[in-house]
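What the coordinates show
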Amino acid sequence: GVYRPTVRRDPADPRSASFAPGPGVRLLGGFDGTETTLAYRAGLFDLTVLEGERGVPGFRRDNVRNVVRLEGNGAIHVVDGFTIQGGYADGSGLGRGGGAISSQLGTKTIRNCRMTGNYGRIGGALLTQISIVQLSDCTFEANGAAERGGAAWITGQFTGMNCVFDRNVARGTGGALHVTQGVTDTAGVAYPRLQNTVFTDNLATWGGAAFVADPPGGVAPGRATFSGCTFVGNGA
């Protein structure tokens, strides 16, 4: 089914509506309704849609700004098995993470998700700050950012596995990804790590597929590990 958020962060602003699961909540999709356990989930991820479209059909500027909000300082969230589309995060200070946003410390696991057609000034489909972020088996396609991270803008301890970034665009840095290292773990600096991930036809001014930055400014060159990844047709 197609689901649209109705609960508003600002009661006076219909565009502030989001799906906002509480701390510790797992948001699971892709069921056909006959399952008795998660292990038998039908896997209908493409058909379970969290939709940012509202107002005039096809007119993005009246869509919700953030389809999903993962908030709560120190919170653990899981989003698993959805298509997330149509978020339009514009406006000064609000233009972040059209598909999903987390601006507080925590652990965010996103898997079996497709994020498409989202827009943000920073982080078209996804924006996370000072978090432990784990992406797996996700597709980010045709998302856009006016500045950084056409698909995603991520700071913190980041790992990505078995993902696809296709046809995302940023006018500034990181057509698909703008990632910033700097969160420390027991081993010291936690560098971003990506494995078995495909970057195709992404476009930016700097870093057509990915831009890896180092704090404090977030624009100095940083370090990351790419293992078993494919880069095809990206442009800067």
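As a reminder, the structure under discussion sits directly above these lines.
None of these values were measured; they are calculated from a predicted model. Here the residue numbering is sequential within each chain, running from 1 through the sequence in written order. Thresholds applied to this predicted model are a pLDDT of at least 70 for local features of residues and 80 or more for the giving and counting of side-chain atom pairs; totals over whole chains, interfaces and linings are not thresholded and use all residues. Computation of side-chain values covers all heavy atoms of the structure but excludes hydrogens and water.

The next point concerns the sheet that holds strand 11 (residues 119-122). Between any two strands, pairing holds if DSSP finds at least two bridges. Helix and strand assignments follow DSSP, with helices taken as H or I runs no shorter than four residues and strands as E runs no shorter than two, numbered in order from the N terminus. Read from one edge of the open sheet, four strands run 7-11-14-17, paired in parallel fashion. Edge positions in the open sheet fall to strand 7 (88-89) and strand 17 (169-170), since each of these has one partner strand only.

Nine residue types can take part in a nonpolar core, namely buried Ala, Val, Leu, Ile, Met, Phe, Trp, Tyr and Cys, and a core is a set of them joined through side-chain atoms within 4.5 Å. Buried, partly exposed and exposed residues are distinguished by accessible area as a fraction of the type maximum, computed with a 1.4 Å probe on protein chains only: under 20%, between the cut-offs, and over 50%, respectively. Grouped together as the largest cluster of nonpolar side chains are 32 residues, with contacts concentrated most on Leu126, Leu135, Phe140, Ile154 and Leu177. For this core, the secondary structure elements donating two or more residues are strand 12 (126-136), strand 15 (152-161) and strand 18 (177-180). Aside from chain neighbours lying at most four places away, what touches Ile154 is Leu126, Thr128, Val133, Leu135, Leu177, His178, Val179 and Thr180. Residue contacts are defined here by distance: any two heavy atoms, one from each residue, within 4.5 Å place the two residues in contact.

Among all residues except glycine, the phi angle is most often negative; among peptide bonds, the trans geometry is most common. Positioned with a positive phi, Ala142 is a non-glycine residue whose angle comes to about 55°. Classification of Ala142 by relative accessible area gives partly exposed; the value is 35%. Positive phi is not limited to glycine here, since Arg167 has a value of about 60°.

For the rest of this paragraph, the subject is the pattern of salt bridges. We define a salt bridge as a side-chain nitrogen of Lys or Arg found within 4 Å of a carboxyl oxygen belonging to Asp or Glu. Applying the stated rule across the entire model yields eleven salt bridges. Taking the shortest distance from any N to any O, the salt bridge between Arg65 and Asp13 comes out at 2.6 Å. Of this pair, Arg65 sits in the loop between strand 3 (49-51) and strand 4 (68-69) while Asp13 sits in the loop between strand 1 (2-3) and strand 2 (26-28), placing them 52 residues apart in sequence. Residue class for Arg65 comes out buried when judged on its relative accessible area of 15%. One salt bridge in this structure joins Arg121 and Glu147, with 3.4 Å as the shortest N-O distance.

What follows concerns the pairing of strand 18. With burial as the criterion, each face of strand 18 is covered, one bearing Leu177 and Val179 and the other bearing His178 and Thr180. Bridge count for strand 18 against strand 23 (residues 210-214) is four bridges, and the pairing is parallel. Among the inter-strand pairings, Val179 is bridged to a residue of strand 23, identified as Val212.

Shape descriptors only; they carry no functional weight alone.
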